[in-house]
Amino acid sequence: MSPTTAVHVRDLHKRYGPKRAVDGLELSVEHGEIFSVLGPNGAGKTTTVEILEGYRHRDRGEVSVLGTDPQRGDRRWRSRLGIVLQSADDQAELTVAELVRHFATFYPEPRDPEELVAAVGLTEKAGTRVRQLSGGQRRRLDVALGIVGRPELLFLDEPTTGFDPEARRSFWDLLRSLRDEGTTILLTTHYLDEAEQLADRCAVVRDGRVVALDTPAALGGRAARQVMVRWVEDGAARSTTTAEPTALVTALTARLGPGEIPGLEVLRPTLEDVYLSLIGKASDHHLEEVPA
Ligand SMILES: Nc1ncnc2c1ncn2[C@@H]1O[C@H](COP(=O)(O)OP(=O)(O)OP(=O)(O)O)[C@@H](O)[C@H]1O
């Protein structure tokens, strides 16, 4: 493991009874990056993050978070982490400003509470009671509480679920500015566009294991190399995927004679197509493949 590694996970396993929630998961997160764990409901994202945070014990595997095994993490180690839990309803009678000021007292070098409230876009709501916030505003407050202690590593579990598009965009800007300040961020999401927009690297998780790990552009680029070609031959729809569509179309022209090839379509899969095929859900671009 190199000194630039913030999180290192090897051969991680966790069962709940017969259910293998995490089943041989491997990943590493470098200091200073936004790393996204992307996968459908039930893929094992939350279980993994809870193990990294030290809230859940693993069955086996190696885990290191900021150089420490989370199962042995002490208070000092924990103070270097920012953990944004699912919203809790406690302290709902305090105002936004009061709650942020209260959390700031837990840390040796907290951010300035007023500046932080402004940074998460809640200045207008500083005097509002927490229970009166909308879902998106509450989530921003959760993030403020997660970063008030200037964490080196921030964990976010599905941070924008339930946000409207504008709130998501400004939330993404907030996370980018944290990354620019040097905070390492590990976020789980089941939104492909969130991973594509934010992540420097992205692990696609399915059934408790990583099925692909790369930059979003490389994942998309991998897709773009494989092209779907569809046509109609002898009255039947045919399709195949190929890295050399020109050669295939040339062969079809030779076989089907001069003129237009009936029903010809050449489709370059999108990142979404790759993602859906990785998690085992074909989009309508991915027809059953028929040999050419
Ligand atoms: N405490 C638990 N007891 C039993 N089974 C659990 C428990 N927590 C999670 N599971 C199961 O383990 C699997 C992985 O769950 P996990 O919450 O880690 O997935 P996830 O990827 O975070 O899903 P989501 O996107 O829905 O939050 C699921 O099948 C879930 O039903």
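Residues numbered from 1 in each chain as written. Predicted model: local features only at pLDDT ≥ 70, side-chain atom pairs only at ≥ 80, totals over all residues.

*Asks:* Teacher, can you tell me more about the site of the ligand here?
*Replies:* Neighbouring residues of the ligand: Y16, K19, A21, G39, N41, G42, A43, G44, K45, T46, T47 and H190. Those elements giving two or more residues to the shell around the ligand turn out to be β2 (19–30) and α1 (45–53). The element best represented in the shell around the ligand is α1, accounting for 3 residues. Grouping the constituent residues of the shell around the ligand by class yields 3 nonpolar, 7 polar and 2 charged. (Near = placed C-beta within 6 Å. Helix = DSSP H or I, 4+ residues; strand = E, 2+ residues; numbered from the N terminus. Nonpolar A, V, L, I, M, F, W, Y, C, P; charged D, E, K, R; others polar.)

*Asks:* For this particular structure, what's the right way to read the domain arrangement of the chain?
*Replies:* Where interface size is quoted, it is often the accessible area lost as the parts come together. Assigned domains of the chain: these are domain 1 (5–213) and domain 2 (221–278). Domain 1 puts 6 residues into the contact, and the matching count from domain 2 is 4 residues. At the level of secondary structure, the elements contributing two or more residues to the side of domain 1 that touches domain 2 comprise α7 (192–198), β8 (201–206) and β9 (209–214). In terms of residue class, the side of domain 1 that touches domain 2 is built from 4 nonpolar, no polar and 2 charged. (Domains from an automatic or database assignment. Contact = placed C-beta atoms within 7 Å.)

*Asks:* Looking at this model, I keep getting lost on the nonpolar core. Mind explaining?
*Replies:* One finds L38, V100, A144, F155, I185, L186 and V205 to be the most contacted residues of the largest nonpolar core, which totals 60 residues. The leading source of residues in this core is helix α5 (residues 135–147), at 5 residues. Here this core spans two domains, since at least three of its residues come from each of domain 1 (5–213) and domain 2 (221–278). If near-sequence neighbours (up to four positions away) are discounted, I185 is found in contact with I34, L154, L156, L175, L178 and R179. (Core = buried A, V, L, I, M, F, W, Y, C linked by C-beta atoms within 7 Å. Buried ≥ 20, exposed ≤ 12 C-beta atoms within 10 Å, placed from the backbone.)

*Asks:* I tried to follow the sheet that holds strand β1 (residues 5–16) on my own but got confused; where do I start?
*Replies:* For sheets, the rule is that strands pair by backbone hydrogen bonds, running either parallel or antiparallel. Spatially, β2-β1-β4 is the arrangement adopted by the 3 strands of the open sheet, whose pairing is antiparallel. Both edges of this open sheet fall to β2 and β4 (60–65), since each of them pairs with a single strand only. Across the sheet, the axes of successive neighbouring strands diverge by a mean angle of 15°, strand direction being ignored. Of the pairings in the sheet, the one linking β1 to β2 comprises 9 bridges and is antiparallel in character. Looking at the pairing, V9 lines up with L27 of β2. Of the strands in this sheet, β1, β2 and β4 touch α1, which is tilted by about 120° from β1. (Pairing = 2+ DSSP bridges. Axes fitted to C-alpha atoms, helices over the stretch in contact; angles between N-to-C directions.)

*Asks:* How should the sheet that holds strand β5 (residues 81–84) be read in this particular structure?
*Replies:* Read across the sheet, 6 strands follow the order β5-β6-β7-β3-β8-β9 without closing on themselves; strand pairing throughout is mixed. Whereas interior strands pair on both sides, the edge strands pair on one side only; in this sheet they are β5 and β9. When the angles between neighbouring strand axes are averaged without regard to direction, this sheet yields 15°.

*Asks:* How should unusual backbone geometry be read in this particular structure?
*Replies:* Both trends apply: most residues other than glycine have a negative phi, and most peptide bonds are in trans. Even without glycine at this site, L66 takes up a positive phi of about 50°. Within the secondary structure layout, L66 lies in the loop between β4 and α2 (75–79). Positive phi, close to 45°, is recorded for E158, a residue that is not glycine. Among the structural elements, E158 can be located in the loop between β6 (153–157) and α6 (165–180). Here E158 falls in the partly exposed class, since 19 other C-beta atoms lie within 10 Å of it.

*Asks:* I'm lost on the environment of A104 in this one. Help?
*Replies:* Its place among the elements puts A104 in helix α3 (residues 96–104). For the pair A104 and V148, spaced 44 residues apart in sequence, the C-alpha to C-alpha distance is 6.0 Å. In this view, A104 contacts P110, P113 and V148; residues no more than four positions away in its chain are not counted.

*Asks:* Would you mind showing me how to read the pairing of β9 here?
*Replies:* Side chains on a regular strand alternate between the two faces of the sheet. In the sheet, β8 pairs with β9 via 5 bridges, with the strands oriented antiparallel. Bridge pairing in β9 places V205 opposite V210. Two successive antiparallel strands, β8 and β9, enclose a turn made up of 2 residues, where D207 displays a positive phi of approximately 50°.

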